[in-house]
Amino acid sequence: MKRGLADMLRGGVIMDVVNPEQAKIAEDSGAVAVMALERVPSDIRRDGGVARMSDPEMIQSIQAAVTIPVMAKARIGHFAEAQILEALDVDYIDESEVLTPADEENHIDKWDFTVPFVCGATNLGEALRRIGEGACLIRSKGEAGTGNVVEAVRHLRTINAQMRRLQSADSNELFALAKDLHAPLALVQEVSLTGKLPVPLFCAGGISTPADASLVLQLGAEAIFVGSGIFKSDDPDRMAKAIVEATTHFRDAHVVAKVSTGLGAAMKGIEIASLEQRLAERGW
Amino acid sequence: MPRVGVLALQGDVREHTSMLERVGADVVAVREVEQLDDLDALVMPGGESTTIAYLLTTSGIRETLGKKIEDGLSVLGTCAGLILLADEILDGRSDQWSFGALPLAVRRNGYGRQISSFETIVEVKGVGEVPGVFIRAPKIETWSDDLEVLAFHDHGDGDHPVLVRKERIWGCSFHPELTKDDRIHRLFVDAV
C-alpha cells in the first residue's frame, strides 16, 4: 500500500516548486505531484551553503494550494527532518542528495515511517540498498540543477544494464554479483527473476525539455521529476505543459515535435565537467 | 473476447492491463481518439484526476469519450477514474470537470492524504470478500437512489459506497487492480 502511490504517479511529471503560485502552475499544467522546496537545485548549486529541509510554513502553504500530492525533501540520514515531514502529512519524502547530507554513513531507516520514501540511485546496487532500507520508489539521480540530461541517461542505462546482467546470470552467480553490487541478496535474486526493480523506477536530474522527457521514458523510466527545468525556462507555464504531454505521448514523435515547437529557451544548463560539486556522489 | 480499452494517459495502466488480460479481455491502450473506436468497454485507471483530465482535453479524447458514454459504452473507473465519472466533485479544483455519468458526489482525498491510506476487506455483493487498497482515495459522500451500491465501507463515519454501478457505468473508490484478486475485473468484463 505504501508503494501504491508510486504506481499512481506512473506516466506523470513531478515538478519542483518553491511557492504556492508555482504549485498552481504545476497543477494547472497536469503535474501528478509537486516537490515543495525552498530553492530549486540550480539555485542551491549557485548559492552554496548548507541546504536543509524546507520551512514547514512553506510546505503547508503549498499543501493548501493544490489537490495533488505534495512531496518534500529531507537530508540524507536526517531522520528527524523526516519525522517532521511525516508530522506535516506530506505525501512522500525524498531523502535527497540535493540537500547537504546529515550522515555520511547511514541513510534513514525508512521502514520506521508510515509515509513512503523516494531515494536517488546512480546504479543498481545503490537502488537495492535504498529499497532494503525501505524506499518505495527509486529515481535515477542524474545531476540536479544542471539542465544537462547526460548523467540521468548514464544512471538509467547503468541500472538497466545491471538488471539485464542479473537476468542472464545463473543462481550460482547471484551470490558473487550481490557482493559486487553491495546489495541485499534477496533483492538481487528477485531482480534476477523479474528483470525489474521491486518498486517503480523514475528519473530525475537534468531533464529540461520535452525531448529529454521522451528520451528517458524510452530508456525505461516510468515517470519523471523535473526540478529547475521548468521554472528556470523562459516560459514555465508552456514548458510544464509541454513536458507533461511529451511524457504521456513519449513514443509519438509527432506529439513531442508539436509540443516542442516555439517553447522559448530551456534553462541554460551546465557542462558536467565544469562542476565543482557533483550532487550524485552524495549517498552511499 | 470483449475488446476493452484502458485509458493510458497517466496512472496505473499496467496493472489494469494485466488484470483484464487475466480475465480474458482483448486489451487496447488508449492514448488517441481513434483508439476509442470498436471498444466494448473502457477502464479509467487510478492516477491523478487533474492530470488525466488535462490530458483528456489536450488529446481531444474528452469530447468523443463523453459522447460514447452517453451512447452506452461500458466504463469502469477506479479512484481517479471514479472522480472523472462523478456528477459532482467536492474539494476538487474549482475548474475541475467530470463526465457526470454517475449520480453521486465524490470528495477528493476524502479518506485523507497518503499517510491515511489503508488496506481493508470489502464485502462485495454477489462476489464476497475482496481486498480493498485505498490510496488518497475519493469518498462518495452523497448518492442517488437509482445508484446500485455493490459494496459499502465504514471508515468510522458510517457506511459510504465504495463500489457502485449505474447500468453500464461502474465506479470504485479503491484499487482492485493493485491486488491479486481479479474478481471485480471479472464481474465487470462478464457484464460487458
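The structure displayed is predicted, hence computed values, not measured ones.

Draft legend 1. Broad picture of the overall build of chain A. Secondary structure summary: chain A contains 13 helices and eight strands in total. Computed over C-alpha atoms, the radius of gyration of chain A comes to 18 Å, within 12% of the 19 Å expected from 2.2 N^0.38 for 284 residues, which places it in the range of a compact globule. Its C-alpha atoms put chain A at 55 × 45 × 40 Å along the principal axes. Counting every position in chain A, which comprises 284 residues, the buried fraction comes to 63%. Here the analysis covers contacts within chain A between residues at least 6 apart in sequence; of these, 66% occur between residues at least 24 apart. Summed over its atoms, the accessible surface of chain A is roughly 10,700 Å², and 50% of this surface lies on carbon and sulfur atoms. Separation between the mean location of the 29 positive side-chain charges and that of the 40 negative ones in chain A comes to 5 Å.

Draft legend 2. Inspection of the pairing of strand β5 (residues 117–121) of chain A at higher detail. Of all five residues making up β5 of chain A, five are buried, and the element is well covered by its neighbours. Read from β5 of chain A through helix α6 (residues 124–132) of chain A to strand β6 (residues 137–140) of chain A, the crossover connection turns out right-handed.

Draft legend 3. Representation of the state of the cysteines within the structure. Residue and element names in this part refer to chain A. Scanning the entire structure with this criterion turns up zero disulfides over all chains. With no disulfide partner, Cys119 has as its closest neighbouring cysteine sulfur the one in Cys136, 9.4 Å distant. The buried category is assigned to Cys119, whose relative accessible area is 1%.

Draft legend 4. Representation of helix α5 (residues 183–191) of chain B in the model. Among all positions in α5 of chain B, only Ile184, His185, Phe188 and Val189 of chain B are buried. With its buried residues spanning 130 degrees around the axis, α5 of chain B presents them on a single face.

Draft legend 5. Summary view of the interface of chain A and chain B. In this complex, chain A contributes 35 residues to the contact, which on the side of chain B involves 36 residues. Summing both sides of the interface, chain A and chain B together bury roughly 2,800 Å²; the carbon and sulfur share of this comes to 53%. Broken down residue by residue, the surface that chain A buries against chain B is led by Met1, Met8 and Thr67 of chain A, which jointly contribute 27%. Counting across the chain A and chain B interface gives six salt bridges. Ionic pairing is found between Glu15 of chain B and Arg10 of chain A, a salt bridge with its closest N-O pair at 2.7 Å. In this assembly, chain A and chain B are joined by 18 residue pairs in polar contact (both at pLDDT 80 or more).

Draft legend 6. Looking closely at helix α3 (residues 61–70) of chain B. Residue and element names in this part refer to chain B. Taken residue by residue, α3 has Ile61, Leu65, Gly66 and Ile69 as its buried positions. The buried residues of α3 all sit within an arc of 125 degrees when viewed along its axis, so they share a single face. Facing away from the buried surface of α3 by more than 90 degrees, the exposed residues are Glu63 and Glu70. The positive-phi residue at the C-terminal boundary of α3 is Gly72, with phi of around 105 degrees.

Draft legend 7. Structural detail: the sheet that holds strand β6 (residues 102–107) of chain B. All names here are of chain B. One open sheet holds the three strands; their spatial order is β5-β6-β9, and the pairing between them is mixed. With partners counted over all chains shown, the strands left at the sheet margins are β5 (86–90) and β9 (139–143), one partner each. Across this sheet, the average inter-strand angle for adjacent strands is 30 degrees, counted without regard to direction. Both β5 and β6 contribute to a ladder of four bridges, which runs parallel. Looking at the pairing, Ala86 lines up with Leu102 of β6.

Draft legend 8. Examining the sheet that holds strand β11 (residues 159–166) of chain B more closely. Residue and element names in this part refer to chain B. Taken in spatial order, the seven strands of this open sheet run β2-β1-β3-β4-β12-β11-β10, and their pairing is mixed. The open sheet terminates on both sides in strands that have one partner only, identified here as β2 (26–30) and β10 (148–154). Taken over all neighbouring pairs, the strand axes of this sheet differ in orientation by 20 degrees on average, direction set aside. Alignment of strand β4 (residues 74–78) against strand β12 (residues 169–172), held across four bridges, turns out to be parallel. Residue Val75 lies in a different strand from β12, and its bridge partner there is Ile169.

Draft legend 9. Fine view of the environment of Val33 of chain B. Residue and element names in this part refer to chain B. Looking at where Val33 falls in the secondary structure, it is placed in the loop between β2 and β3 (41–44). The class for Val33 is partly exposed, based on a relative accessible area of 21%. When the C-alpha atoms of Val33 and Thr64 are compared, they prove to be 7.1 Å apart, with 31 residues separating the residues in sequence. Once residues within four sequence positions are removed from consideration, Val33 is found in contact with Ser59, Gly60, Ile61 and Thr64.

Draft legend 10. Quick peek at the nonpolar core. Within the largest apolar cluster, 113 residues are counted, with the highest numbers of intra-cluster contacts made by Ile224 of chain A together with Leu56 and Leu65 of chain B. Once residues within four sequence positions are removed from consideration, Leu65 of chain B is found in contact with Leu36, Leu42, Met44, Leu56, Leu73 and Phe99 of chain B. Membership of the second largest hydrophobic core comes to 28 residues, among which are Val13, Ala25, Ala41 and Phe188 of chain B.

Draft legend 11. Seen up close, the packing of aromatic side chains. Considering all chains together, one arrives at nine aromatic pairs over all chains under this definition. Seen in terms of ring centroids, Phe113 of chain A and Phe117 of chain A are 5.1 Å apart; in terms of plane orientation they differ by 70 degrees. Their pairing is edge-to-face. According to the relative accessible area criterion, Phe117 of chain A is buried, its value standing at 0%. Three or more aromatic residues joined by ring pairs make a cluster, and in this case those are Tyr111, Phe118, Phe134 and Phe174 of chain B. One cation-aromatic arrangement involves Arg62 of chain B over Trp97 of chain B; the distance from NZ or CZ to the ring centre is 3.8 Å. For Lys139 of chain B, the ring lying beneath its charged end belongs to Tyr111 of chain B, and the centroid distance is 4.7 Å.

What counts and what doesn't
- Residues numbered from 1 in each chain as written.
- Chains lettered and ligands numbered in written order.
- Predicted model: local features only at pLDDT ≥ 70, side-chain atom pairs only at ≥ 80, totals over all residues.
- Heavy atoms only, no water.
- Helix = DSSP H or I, 4+ residues; strand = E, 2+ residues; numbered from the N terminus.
- Rg over C-alpha atoms; globule rule 2.2 N^0.38 Å.
- Buried < 20%, exposed > 50% of the residue type's maximum accessible area, 1.4 Å probe, protein only.
- Contact = heavy atoms within 4.5 Å.
- Areas by Shrake-Rupley, 256 points an atom, 1.4 Å probe, with all protein chains shown as cover.
- Lys, Arg positive; Asp, Glu negative; His and termini not counted.
- Charge placed at Lys NZ, Arg CZ, Asp CG, Glu CD.
- Right-handed = clockwise from strand over helix to strand, strands pointing away.
- Disulfide = S-S within 2.5 Å.
- Arc of directions from axis to C-beta.
- Buried area = accessible area lost by both parts, 1.4 Å probe.
- Salt bridge = Lys/Arg side-chain N within 4 Å of Asp/Glu carboxyl O.
- Polar contact = N/O pair within 3.5 Å; in protein donor to acceptor, adjacent residues only side chain to side chain.
- Pairing = 2+ DSSP bridges.
- Axes fitted to C-alpha atoms, helices over the stretch in contact; angles between N-to-C directions.
- Core = buried A, V, L, I, M, F, W, Y, C linked by side-chain atoms within 4.5 Å.
- Phe/Tyr/Trp six-rings, centres within 6.5 Å; stacked < 30°, edge-to-face > 60°.
- Lys NZ or Arg CZ within 6 Å of the ring centre and 35° of its normal.

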